[in-house]
Amino acid sequence: MKIGNDIYYVGVNDHQVDLFEGQYVVPNGMSYNSYVIKDEKIAVMDTVDANFTEEWLGKVAEVLDGAKPDYLVVQHMEPDHAANIENFMKAYPDTTVVANTKTFTMMENFFRGMDLEGKKHIVANGDTLTLGKHVLTFVFAPMVHWPEVMVTYDSTDKVLFSADGFGKFGALDVEEDWDCEARRYYIGIVGKYGPQVQKLLKAAATLDIQTICPLHGPVLTENLGHYLEKYDIWSSYKVESEGVMIAYTSVYGHTKKAAELLAQKLEEKGCPKVVVCDLAREDMAEAVEDAFRYGKLVLASITYNGEAFPFMRTFIENLTERNYQNRTIGLIENGSWAPTAAKVMKGMFEKSKNITWLENNIKIMSSLSDENVAEIDAMAEELCK
Ligand SMILES: Cc1cc2nc3c(=O)[nH]c(=O)nc-3n(C[C@H](O)[C@H](O)[C@H](O)COP(=O)(O)O)c2cc1C
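Position numbers for residues count from 1 along each chain, tracking the sequence in the order it is written. Where local features are concerned, this predicted model is filtered to residues with pLDDT of at least 70; where side-chain atom pairs are given and counted, the filter is 80 or more; whole-chain, interface and lining totals use all residues. To obtain the side-chain values, all non-hydrogen atoms of the structure were included, while hydrogens and water were left out.

Chemist: Please explain the site of the ligand as it appears in this structure.
Modeler: For the ligand, the set of nearby residues contains 18 residues, the closest of which are Ser250, Val251, Tyr252, His254 and Thr255. Residues adjacent in sequence count toward polar contacts only when both atoms are side-chain atoms; beyond that, a polar contact is any pair of N or O atoms within 3.5 Å, and within protein one must be able to donate a hydrogen and the other to accept it. Taking Val251, its main chain carries an N or O atom lying 2.6 Å from an oxygen atom of the ligand. At a separation of 2.5 Å, an oxygen atom of the ligand approaches a polar side-chain atom of Thr255. The method behind every accessible area is Shrake-Rupley, applied with a 1.4 Å probe, and residues are considered shielded solely by the protein chains displayed. Alone, the ligand offers 650 Å² of accessible surface; in the complex the protein occludes 85% of this. Residue assignment for the shell around the ligand shows that the elements contributing at least two residues are α8 (254-268), β17 (294-304) and β19 (327-335). Elements are defined by DSSP. Helices are runs of H or I of four residues or more, strands are runs of E of two residues or more, and each kind is numbered from the N terminus. No other element matches β17, which puts 3 residues into the shell around the ligand. For this classification, the nonpolar set comprises Ala, Val, Leu, Ile, Met, Phe, Trp, Tyr, Cys and Pro, the charged set comprises Asp, Glu, Lys and Arg, and every other residue, Gly included, is treated as polar. Grouping the constituent residues of the shell around the ligand by class yields 7 nonpolar, 11 polar and no charged. Nearness here has a simple test: a residue counts as near a molecule or strand if at least one of its heavy atoms is within 4 Å of that partner.

Chemist: For this particular structure, what's the right way to read the packing of aromatic side chains?
Modeler: By convention here, two paired aromatic rings are described through the distance between centres and the angle between planes. Side-chain rings of Phe, Tyr and Trp, where Trp is taken by its six-membered ring, are said to pair if the distance between their centres is within 6.5 Å; with planes under 30 degrees apart they count as stacked, over 60 as edge-to-face, and otherwise as tilted. Scanning the entire structure with this criterion turns up 20 aromatic pairs. Between Phe88 and Tyr92 the ring centres are 5.1 Å apart and the planes differ by 45 degrees, which places this aromatic pair in the tilted class. A relative accessible area of 17% places Tyr92 in the buried class. Residues Phe349 and Trp357 carry aromatic rings whose centres are separated by 5.7 Å and whose planes lie at 75 degrees to one another, so their mutual orientation is edge-to-face. Exposed residues in this analysis have more than 50% of their type's maximum accessible area, buried residues have under 20%, and partly exposed residues fall in between, with area computed by a 1.4 Å probe over protein chains only. Look at Trp357 and you get partly exposed, because its relative accessible area is 23%. Three or more aromatic residues joined by ring pairs form one cluster here, namely Phe166, Trp178, Tyr186, Tyr227, Tyr231 and Trp234. Sitting over a ring, as applied to charges here, requires NZ of Lys or CZ of Arg to be within 6 Å of the ring centre and within 35 degrees of the ring normal. The side chain of Lys38 reaches across the aromatic face of Tyr8, ending 5.9 Å from its centre. Over the ring of Phe104 we find Lys120; its NZ or CZ atom is 5.3 Å from the centre of that ring.

Chemist: What am I meant to see in the nonpolar core here?
Modeler: Among soluble globular proteins, nonpolar side chains are generally buried collectively. Of all hydrophobic cores here, the largest spans 92 residues; its most connected members are Ile85, Met107, Leu299 and Phe315. At 7 residues, the largest contribution of residues to this core is made by helix α5 (residues 178-190). Contacts are residue-level and defined by heavy atoms, with any inter-residue pair within 4.5 Å sufficient. Beyond its immediate stretch of four places on either side in the chain, Phe315 contacts Met245, Ala247, Leu279, Met284, Ala287, Val288, Ala291, Leu297 and Leu299. To define a nonpolar core, start from buried Ala, Val, Leu, Ile, Met, Phe, Trp, Tyr and Cys residues and group those joined through side-chain atoms within 4.5 Å. Formed by 21 residues, the second largest nonpolar core is a distinct cluster that contains Leu261, Ile376, Met379 and Leu383.

Chemist: How do you make sense of the sheet that holds strand β11 (residues 135-140) when you look at a structure like this?
Modeler: Two modes of strand pairing occur in sheets, parallel and antiparallel, and in both the strands are linked by backbone hydrogen bonds. Here, any two strands with at least 2 DSSP bridges between them count as paired. Strands sit in the order β10-β11-β12-β13-β14 across an open sheet of 5 strands; the sheet is mixed. Each edge of the open sheet carries a strand with a single partner, namely β10 (128-130) and β14 (211-213). Across this sheet, the average inter-strand angle for adjacent strands is 20 degrees, counted without regard to direction. Two elements, β11 and strand β12 (residues 150-154), share 5 bridges in a ladder whose sense is antiparallel. Residue pairing in the sheet places Leu136 in a bridge with Asp154 of β12. Only the contacting stretch of a helix is used when fitting its axis, a line to C-alpha atoms as for every element, and angles between N-to-C directions run 0 to 180 degrees.

Chemist: What is the right way to read helix α7 (residues 224-235) from this model?
Modeler: Owing to its 3.6 residues per turn, the α-helix aligns residues three or four sequence positions apart on the same side. Between its terminal C-alpha atoms α7 stretches 17 Å, which fits the 16 Å expected from 12 residues at 1.5 Å a residue. Among the residues of α7, those classed as buried are Leu224, Tyr227, Lys230, Tyr231, Ile233, Trp234 and Ser235. The elements touched by buried residues of α7 are α5, α6 (194-205) and β14. Of the residues flanking the end of α7, it is Tyr237, one or two places downstream, whose phi is positive at about 60 degrees. For a helix, the expected span equals 1.5 Å multiplied by the number of residues minus one.

Chemist: How should I be thinking about the pairing of β17 in this particular structure?
Modeler: For β17, the tally of buried residues reaches 9 of 11 residues, placing the bulk of the element in the interior. Of the pairings in the sheet, the one linking β17 to β19 comprises 7 bridges and is parallel in character. In the strand pairing of β19, Leu299 is matched with Leu331. Pairing of β17 with strand β18 (residues 307-308) involves 2 bridges; the strand directions are antiparallel. Looking at β18, one finds that Thr303 is bridged to Ala308.

As structure tokens, then:
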């Protein structure tokens, strides 16, 4: 695949990966993207995952068509992109590796035996590299989402090589909506680093960008404002869609019944969107994504050995470690002798910024009482205000 006049896509699709980054299910696989810029000098942008060495080197060789690459630009050292640096250098030993100081330190730690003596080109933030027509500018993006990350702007074709930014789950031979899997990827993997992403977006706003080439997911060529707007919302922890998410845990079904009754009442009252999620059975990353997407969240948990149920605790930890903020939360607890789940759940948000707590919280003793049903109605009313 060709992007513009001189840029070639040489990435691979992975349908074998069981868990991406050791925790994310990827039903439609994953792509590891890599690019070749063919100019007077030839630059290869990043490598791919360790399981795709031969396929990737084959694609690179095909594009090179007998020519020798001059540069290997390493934007990010995470092994899904950087695993083949040593293999590449064995295949093309005269190549110069272009990276920043932090990247080279990590490279030495990942590839203990690799000798890059005389083959390193160390770049500083804002440095440029001229390939011929193409001039590459390196923009550091620390903690988006590793410290060494940099993105690369090609001012000739107006292409931003965005590293993991603007990436998504899903291989490129499967058609699917960008927003949903890009959101799950962003919130899960980068969500903690909103201020750093905001900084990168500010730098990007000064550039004329017509194409975004990420390291995962499709090359973005049209309607770039849409993707930039999504990134701005996600990284500033703003509410993306009006609606309520009800996340519950239930062993014997009574708390589930409360969650479903609340959803029904909300729908009856015209709530724009209601999402109900069984935290024990649904994908945790999808649940976390929804919590960040909507403005209001109701947590419904049984009391379990004096705590909230384990899946609920994991869910809340996933939110707070990603700086969950600027949201409204309501609480439903259940217990057969001494319900304490609500207190535990609220306590877990102690350090979260700008959380508005609903006035109507609900305590269920084993099963829904008539009073609980009325309380659920009041909670729905308050959520719809
Ligand atoms: C292993 C276990 C531990 C529990 N610990 C508590 C507890 O510490 N305090 C309490 O009041 N109820 C406790 N319960 C009772 C449940 O919170 C209660 O039965 C609840 O009604 C179950 O709701 P459900 O039908 O949605 O599963 C426990 C239940 C189980 C299975």
